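Here are the chains, one letter per residue:
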Amino acid sequence: MAPKPTTTDQTDPAQQVITLLSAAGKTIVTAESCTGGLIAAALTDIPGSSSAFFGGYVTYANEAKSRMIHVQARLIRDYGAVSNQVARAMADGARNTAHADYAVAVTGIAGPDGGTDKKPVGLVYVAVSTELATVVIEHQFGDLGRAEIRQASVKAALDLVLQVLASA
């Protein structure tokens, strides 16, 4: 019988992120809206994560995005909280505020309400900021259900961090 996978399994993206950042002596910070701290929780589930995880901002309200990580209110007004522009500003703002090497940010519509024709439930933007660049990816998770959209967003965020780290 095969051993049951654990959160410290090397195939776990959170474990991989912590391992890579720790080995490089780098830090990461999170800025989360629709995931409400789930990315930070996934990272801090890993023993020894304090060597790489700086902390996290849960900026669920628009005002929190502006106050805590300096997202310009104009961006939220012009593009909406769920947008490429705001995801980018969240990641950059968190990295700069925390003085971390990397930041990962997520903003989206987890549902079941809040979606529109232009921005449906399941629309999520994930951003990773480094000193050199910020990458933003749009995801359409569909109407999977709130919990599933949030979990898919966490996986997408950790996967994007790993992609950025692999290209560093």
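Refer to the preceding data block for the structure.
Okay, so let's go over this structure. (Residues numbered from 1 in each chain as written. Predicted model: local features only at pLDDT ≥ 70, side-chain atom pairs only at ≥ 80, totals over all residues. Heavy atoms only, no water.)

1. Topic: the overall build of the protein
Secondary structure summary: the protein contains six helices and five strands in total. The C-alpha atoms of the protein give a radius of gyration of 15 Å, which matches the 15 Å a tight globule of 168 residues would have. Based on the C-alpha atoms only, the size of the protein along its principal axes is roughly 50 × 40 × 25 Å. For the protein, with 168 residues in total, the buried portion stands at 48%. Expressed as a percentage of contacts within the protein between residues at least 6 apart in sequence, the contacts between residues at least 24 apart total 62%. Here the protein has roughly 8400 Å² of accessible surface; of this, 54% comes from carbon and sulfur atoms. Charged side chains in the protein number 13 positive and 15 negative. The centres of these two groups are separated by 6 Å. (Helix = DSSP H or I, 4+ residues; strand = E, 2+ residues; numbered from the N terminus. Rg over C-alpha atoms; globule rule 2.2 N^0.38 Å. Buried < 20%, exposed > 50% of the residue type's maximum accessible area, 1.4 Å probe, protein only. Contact = heavy atoms within 4.5 Å. Areas by Shrake-Rupley, 256 points an atom, 1.4 Å probe, with all protein chains shown as cover. Lys, Arg positive; Asp, Glu negative; His and termini not counted. Charge placed at Lys NZ, Arg CZ, Asp CG, Glu CD.)

2. Structural notes on the pairing of strand β2 (residues 53-58)
For a regular strand, the rule is simple: side chains alternate between the two faces of the sheet. By the bridge criterion, five bridges tie strand β1 (residues 28-32) to β2 in an arrangement that is parallel. Of the residues in β2, the one forming a bridge with Glu32 is Val58. (Pairing = 2+ DSSP bridges.)

3. What about helix α5 (residues 84-98)?
In an α-helix, one turn spans 3.6 residues, which is why side chains three or four residues apart end up on the same side. The terminal C-alpha atoms of α5, which comprises 15 residues, lie 21 Å apart, in line with the 21 Å expected from a rise of 1.5 Å per residue. Those residues of α5 lying buried are Val86, Ala87, Ala89, Met90, Ala91, Gly93, Ala94, Arg95 and Ala98. Once α5 finishes, His99 follows within two positions and takes phi at roughly 55°, a positive value. (Expected span 1.5 Å × (residues − 1).)

4. Examining unusual backbone geometry
In this structure, Pro112 follows Gly111 across a cis peptide bond, with omega equal to 5°. Here Pro112 lies in the loop between β3 (102-108) and β4 (123-129). Unlike most non-glycine residues, His70 shows phi in positive territory, near 65°. Positionally, His70 belongs in the loop between α3 (62-69) and α4 (73-79).

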